[in-house]
Amino acid sequence: MNKGKKLYEGKAKIIYETKEKGLVIQHFKDDATAFNNLKKANVEGKGVLNNRISEHILTNLNQCGIKTHLVKRLNMREQLIKHAEIFPIEFIVRNIATGSLSKRLGIADGTVFETPLLEYCYKNDDLGDPVVSKEHIFAFGWAKKDEIDLIDKTTHRINDLLQGMFRGVGIKLVDFKLEYGKVWEKDKQEIVLADEISPDTCRLWDIKSERKLDKDRFRKDLGNIIQAYQEVARRLGIMPEETNISEVKFGKPKSVDIKKK
Ligand code: 5GP
């Protein structure tokens with residue numbers, strides 16, 4: 001698959017056009033950013049791991065009936081995806097209080113929620129992705145009511161599936177961010193899960209030790225970032241034991257057991 005011109009470059013990914021109608025290439029960079037771009041670094045191998053982990057998770061969600069933008073992984077750093085018109089909203093799911101929620105509302109770090117909390121953030125770097133209500137979303141035309149109803153339902157189902165998937169490998173899914181977009185399927189538009197699901201977009205804690213296996217290692221200067229991402233890949237069964245990321249040659253996607261609710 002030949003890459004065409006660059007369509008968009010974000011903090012962690014680049015989108016390239018292809019000759020295929022409706023399809024683009026998503027390239028995973030090694031760049032890590034935090035605090036609205038104030039903190040930046042190059043973390044060698046991160047893009048490769050996120051590409052593989054996200055492919056694995058989206059493939060498994062798709063097998064459970066969740067529509068996604070993923071067509072296939074092309075190589076170590078790239079995926080062929082459907083070109084989606086992304087809603088300007090980040091859908092944040094929280095199972096345990098931490099991060100910006102604890103800071104914003106003073107909820108004790110580690111408080112376990114009886115029911116998962118869903119928050120919406122307006123995707124705007126200049127404003128720092130502020131939390132918004134459904135009323136804002138409808139008032140400013142960022143999405144329609146029936147679209148948000150469908151996305152809310154899908155998001156809660158994804159949370160159930162991911163919690164089961166991670167629990168099975170000794171990881172607590174603390175919180176995560178999803179993005180959705182619209183793609184054309186024949187002559188009608190359909191909503192699909194877009195972007196990525198990886199340790200960059202989730203908080204993942206080891207069940208026993210509560211060791212952080214996600215981007216908080218970068219945000220909080222905890223070190224061993226790549227080792228933590230490798231640990232997630234290993235536990236998900238997509239990376240052999242004792243492998244060094246520089247030597248990795250990933251095989252075909254393998255299914256893991258996602259517990260259906
Ligand atoms: P918080 O709002 O506590 O900073 O983040 C909540 C969850 O959403 C975390 O798992 C975090 O990784 C994810 N998240 C929120 N905003 C972003 C973002 O702009 N980029 C990425 N990669 N993840 C985000």
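Only a predicted model underlies this, so the values are computations on that prediction, with no experimental measurement involved.

How each quantity is defined
Residues numbered from 1 in each chain as written. Predicted model: local features only at pLDDT ≥ 70, side-chain atom pairs only at ≥ 80, totals over all residues. Heavy atoms only, no water. Helix = DSSP H or I, 4+ residues; strand = E, 2+ residues; numbered from the N terminus. Buried < 20%, exposed > 50% of the residue type's maximum accessible area, 1.4 Å probe, protein only. Polar contact = N/O pair within 3.5 Å; in protein donor to acceptor, adjacent residues only side chain to side chain. Phe/Tyr/Trp six-rings, centres within 6.5 Å; stacked < 30°, edge-to-face > 60°. Contact = heavy atoms within 4.5 Å. Domains from an automatic or database assignment. Buried area = accessible area lost by both parts, 1.4 Å probe. Salt bridge = Lys/Arg side-chain N within 4 Å of Asp/Glu carboxyl O.

**Q** Any chance you could break down the side chain of N60 for me, citing the residues and the numbers?
**A** Of note, N60 is situated in helix α1 (residues 46-63). What makes N60 buried here is its relative accessible area of 2%. Here H56 takes part through its backbone oxygen, which lies 2.7 Å from a polar atom of the side chain of N60.

**Q** With reference to specific residues and values, describe the packing of aromatic side chains.
**A** Applying the stated criterion to the full structure yields 4 aromatic pairs. Relative to W142, the ring of Y122 lies with its centre 4.0 Å away and its plane at 10 degrees, an arrangement referred to as stacked. Here the residue Y122 occupies a position in strand β10 (residues 112-122), and W142 occupies one in the loop between α3 (134-139) and α4 (145-167), the gap between them amounting to 20 residues. Grouping residues by exposure puts Y122 and W142 together as buried.

**Q** Could you give an account of the side chain of E190, naming the residues involved and the relevant values?
**A** Of note, E190 is situated in strand β13 (residues 188-194). With a relative accessible area of 14%, E190 lands in the buried category. Non-local contacts of E190, meaning those with residues more than four positions away in its chain, are made with K67, G181, K182, V183 and E185.

**Q** How would you sum up the domain arrangement of the protein chain? Please name residues and give values.
**A** Here the protein chain is partitioned into domain 1 (6-84 + 225-250) and domain 2 (87-206). Of note, the centres of domain 1 and domain 2, computed from C-alpha atoms alone, are 18 Å apart. Taken residue by residue, the interface counts 27 residues in domain 1 and 29 residues in domain 2. Of the roughly 2,400 Å² buried at the junction of domain 1 and domain 2 (both faces included), carbon and sulfur atoms supply 62%. Where domain 1 touches domain 2, the interface holds 7 salt bridges. In this structure, D125 and K11 form a salt bridge, with 3.2 Å as the shortest nitrogen-oxygen distance. Across the contact surface, domain 1 and domain 2 share 19 residue pairs in polar contact (both at pLDDT 80 or more).

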